[in-house]
Amino acid sequence: MLAARSGGAVGARGIHDEPPRLKKHSVASLSGSRAHRNSQDNSRESRLFQQAALQRARKAAIIREIETNWYLKLCGCAKEDTVACQTGMQYRNLGKSGLRVSCLGLGTWVTFGGQISDEVAEQLMTIAYESGINLFDTAEVYAAGKAEVILGNIIKKKCWRYVSVCLCVCVSAETERGLSRKHIIEEIVRAMTHVINQGMAMYWGTSRWTAMEIMEAYSVARQFNLIPPVCEQAEYHLFQREKVEVQLPELYHKIGVGAMTWSPLACGIITGKYENGIPESSRASMKSYQWLKEKIVSEDGRKQQAKLKELGHIAEKLGCTLPQLAVAWCLRNEGVSSVLLGTSNAEQLTENLGAIQVLPKMTSHMVSEIDHILGNRPYSRKDFRS
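Note that the structure is predicted; figures quoted are calculated from it, not measured.

Points about the pairing of strand E9 (residues 258-262)
In terms of burial, E9 is a largely internal element, 5 of the 5 residues being buried. Here E9 shows a buried face lined by Gly258, Met260 and Trp262 and a second buried face lined by Ala259 and Thr261. Direction of pairing for strand E8 (residues 231-235) relative to E9: parallel, over a ladder of 5 bridges. Among the inter-strand pairings, Ala234 is bridged to a residue of E9, identified as Thr261. For the handedness criterion, the β-α-β arrangement of E8, helix H9 (residues 242-255) and E9 is classed as right-handed. Alignment of E9 against strand E10 (residues 336-341), held across 3 bridges, turns out to be parallel. Each residue of the ladder has a partner; that of Thr261, found in E10, is Val339.

Comments concerning the packing of helix H10 (residues 290-297) against helix H11 (residues 299-318)
Where H10 meets H11, the axes come as close as 4 Å, and the angle between the chain directions of the two elements is 65 degrees. With respect to H11, the element H10 is oriented roughly perpendicular. In this structure, H10 uses Lys295, Ile296 and Val297 to contact H11, whose residues at the interface are Glu299, Gly301 and Arg302.

Description of the packing of aromatic side chains
One pass over the structure, following the stated rule, counts 7 aromatic pairs. When the centroid spacing of 6.4 Å and the interplanar angle of 55 degrees are considered together, the rings of Trp109 and Tyr289 count as tilted. Taken together, the residues span a long stretch of sequence, with Trp109 in the loop between strand E4 (104-107) and helix H4 (111-115) and Tyr289 in the loop between E9 and H10 at a distance of 180 residues. In this structure Trp109 comes out as partly exposed when scored by relative accessible area, which is 35%. Looking at Tyr289, the relative accessible area reads 7%, which means it is buried. Measuring from centroid to centroid gives 6.5 Å for Trp204 and Trp209, while their planes differ by 70 degrees, and the two rings are edge-to-face. For Trp204, a relative accessible area of 1% puts it in the buried group. Taken together, the ring pairs in this structure connect Trp109, Trp262, Tyr289 and Trp291 into an aromatic cluster. One residue, Lys96, lies across the ring of Tyr252, its end atom 5.0 Å from the ring centre. Its end group placed over the ring of Trp329, Arg332 keeps NZ or CZ at 4.3 Å from the ring centre.

Definitions and cut-offs
- All residue numbers refer to position in the chain's written sequence, counted from 1.
- Since the coordinates come from a predicted model, pLDDT governs what is reported: local features require at least 70, and pairs of side-chain atoms require 80 or more to be given and counted, while whole-chain, interface and lining totals use all residues.
- To get the side-chain values, all heavy atoms of the structure are used, and hydrogens and water are removed first.
- Any residue under 20% of the maximum accessible area for its type is buried, any over 50% is exposed, and the rest in between are partly exposed; the area is computed with a 1.4 Å probe on protein chains only.
- The way it works is that DSSP assigns letters per residue, a run of H or I at least four long becomes a helix, a run of E at least two long becomes a strand, and they are numbered from the N terminus.
- At least two DSSP bridges between two strands are required for those strands to pair.
- Assignment of crossover handedness uses the view with strands pointing away from the viewer, where a clockwise path from the first strand over the helix to the second indicates a right-handed crossover.
- Helix axes are fitted only over the stretch in contact, all axes being lines through C-alpha atoms; the angle between N-to-C directions runs from 0 to 180 degrees.
- Roughly parallel means an angle under 35 degrees; roughly antiparallel means over 145; roughly perpendicular covers 65 to 115; every other angle is labelled oblique.
- Whether two residues touch is decided by their heavy atoms; if any such pair falls within 4.5 Å, the residues are in contact.
- Two rings from Phe, Tyr or Trp (for Trp, the six-membered ring) form a pair when their centres are within 6.5 Å of each other. A pair whose planes differ by under 30 degrees is stacked, one over 60 is edge-to-face, and the rest are tilted.
- Remark: a charge is flagged as sitting over a ring if the NZ atom of Lys or the CZ atom of Arg is within 6 Å of the ring centre and within 35 degrees of the ring normal.

The following block contains the structure:
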């Protein structure tokens, strides 16, 4: 469940005796030497950090493999019988919790109860489930509550075991108005702890909260022996990177909060369908999405379309579509637990699912090439130190 939202006389004598050019050269040499040593130290520190991270990842993978083999043996099953093996779907821990979710999830915002029919919604959920997706996102405010009802009815009709499905339900939580923010956050943490203790949810997270608000929630939980959040839901795509790539990694290492990201295609902008205008059947043509239309036709929007053309050439080299490249780019971030997809038809969903096959092709060289085109790579404190 997510809650939305100095030297003395000796030095003087030496200076006067030294020719001006030699003095300048000496100072430059000293500065260069120090800079060189600092660069070496930072480089060594960076290598040690990367090696430690790699060792932790390998250790975690070995532990998961042992646990998986033990569980399969207990159930009398073979590894070939698992959904992951049959579908190719990858599963990741939600933050540092024990919950394993599919790296791709299905969202219901705009589509369920609004843009698509109930029949199409059932078709999409069936394709997602059979492809190994176990994470479905909805909220009480989506289509005035209709999205929740449609999703629940489909699960009931399909008789899917509840242990095979992870439902992410967003509830509204105001943290900016009314009483003090600290008091409101404390009430939210208490409420979510109550929900979990009553068996209505297993974990809780936040949606569109700032890093400071999440840290406050964690502090409140530790102070009053309550349950802290395990993830943050954040927008993340080629043109929106700061929060997920700079702020959330620090939260993950400090308090174990993972990232569940949404809008990998930037509300359809990254699909390329807005290159020649606004199609009548697109989301940007809807009255409630006038802001999206204005964003697309703006100067920044035209610059983004130009960059997407260049990215299209990379997609061709990799043998994939632009949407698949964009989703795989999101998945290449190991700090992302799951990427939520929002599709309005089966063809789009099937295409986006193909991003899993593109993921192995997202090498460091390829990522650097994409960064060069985008020109918006955010820099963390560690980057500045190095």
